[in-house]
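Listed below are the residues making up each chain.
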Amino acid sequence: VRRRKLWHAFTSGLQQLVRRKVAFLRQREYLVILFNSTALFVLAYFLVYLVTQMAVMIAAISFNIDSVLYYYDIDFLIRASEWIPDAVKVVYTTGPFVSLLLALLSMIIYINIAHETWAARLFILWIFCHAFIHFFGELLMGNLLGKGFGYVIMYVVFLDTPKMILTVIDFAIILFTGLILGRYFLFSANIYLNKLDKPNRMPFVLSQIFLPFLIGTGIILLIKIPKVSFLEVCVDFSMLIFLLPVVFRARVTEDLFYEEEKKSIKPFWVIMIITLIISVLFRVILRHGIRL
């Protein structure tokens, strides 16, 4: 330890492990898949965010509460003492329940077109992921932190034991949904590949699903700096609970074979440009807020 040989052995071993696991990114095909999926991930987030937040603002209007939509949150133009229980329940449950509706619709659409080769299928899949986490992830983290959706839980459930039971059930739902729907994530490989077998299965899952989640979430949080809330960080990264079972299931699933027609892996330049433009507009326009 004094000669730092132990530290050198640990760091060199860790570096070799990382290099071995991400060596596939040296191949152009997987880099293209990574960039395409990351752009669609960020674009899907903007759609879910805007739809759910606008629904919340409309719900607030029903209680004569004015609100301003910013790139990081909604500012309700009302004093804390003026909130009534019914307003809290309706306003703070509208966003999560609209997200749940989006999740159900997007998954139904995706399952019905699971064998198509459209790039839009991956966009629909990411919409499902964001919408699913905006309900179950916010329920989980809001209940733990006592914020957001957690306000409704505090108004409805007063005892700690039911809150803990609800948290455990919610965690289990997120985890098992990832296990059950993991196969549908693998179906998205037919956009690029003719088959998904042992040599290319994990590189594809990492470049199509796991790494875009990490990079895309980082991009979204960077766009919202310096107004990123701890609750939002926790909710965004709670998707990890959902995606890790997908990755683990990919290691043991059987080989999948798609169309025999030769496919080429090309960048989605139009989607990348649209995502970049919307990212800039999202920050610039919503920096001053939209009042409703």
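Remember, predicted model here, so these are calculated numbers, not experimental data.

Participant: Requested: an account of the sheet that holds strand β5 (residues 290-291), with residues and values cited.
Facilitator: Spatially, the 3 strands line up as an open sheet ordered β2-β1-β5, and their pairing is antiparallel. In this open sheet, the two strands that pair with only one neighbour each are β2 (74-76) and β5. In terms of strand pairing, strand β1 (residues 67-69) meets β2 through 3 bridges, oriented antiparallel. Each bridged residue has a counterpart across the sheet, and for valine 68 the counterpart in β2 is aspartate 75.

Participant: Provide a residue-level description of the nonpolar core, including the pertinent values.
Facilitator: Membership of the largest hydrophobic core comes to 75 residues, with the highest contact counts inside it found for Trp126, Phe204 and Phe242. Dropping the residues within four chain positions of it, phenylalanine 204 is found in contact with Tyr30, Ile33, Phe185, Ser188, Ala189, Tyr192, Leu193, Leu196 and Ile209.

Participant: Can you tell me about the packing of aromatic side chains, naming the residues and giving the values?
Facilitator: One pass over the full model with this rule turns up 19 aromatic pairs. A ring pair is formed by tyrosine 70 and tyrosine 72, whose centres lie 5.4 Å apart and whose planes are at 10°; its orientation type is stacked. According to the relative accessible area criterion, tyrosine 70 is buried, its value standing at 17%. Here the aromatic residues Phe97, Phe128, Phe132, Phe135, Phe136, Phe185 and Phe242 are joined through ring pairs into a cluster of three or more. Above the face of the tyrosine 72 ring, lysine 227 is positioned so that its terminal group lies 5.7 Å from the ring centre. Against the face of tyrosine 71 rests arginine 283, its NZ or CZ located 4.2 Å from the ring centre.

Calculation criteria
- Residue positions are counted from 1 within each chain, in the order its sequence is given.
- Under the rules for a predicted model, residues below a pLDDT of 70 receive no local features and side-chain atom pairs below 80 are neither given nor counted, while totals for whole chains, interfaces and linings still include all residues.
- Side-chain descriptors were evaluated using all non-hydrogen atoms of the structure, hydrogens and water having been removed beforehand.
- When DSSP locates at least two bridges between a pair of strands, those strands are taken to pair.
- To qualify as a helix, a DSSP run of H or I must reach at least 4 residues; to qualify as a strand, a run of E must reach at least 2; elements of each kind are numbered from the N terminus.
- For this analysis, a nonpolar core means a set of buried residues of the types Ala, Val, Leu, Ile, Met, Phe, Trp, Tyr and Cys, connected via side-chain atoms within 4.5 Å.
- Note on classification: 1.4 Å probe, protein chains only; a residue is buried when its accessible area is under 20% of the maximum for its type, exposed when over 50%, partly exposed between these limits.
- In what follows, residue pairs with any heavy atoms lying within 4.5 Å of each other are defined as contacts.
- Working definition: rings of Phe, Tyr and Trp (its six-membered ring) pair if their centres are within 6.5 Å, and the pair is stacked with planes under 30 degrees apart, edge-to-face with planes over 60 apart, and tilted otherwise.
- Whether a charge lies above a ring is judged from NZ of Lys or CZ of Arg, which has to be within 6 Å of the ring centre and within 35 degrees of the ring normal.

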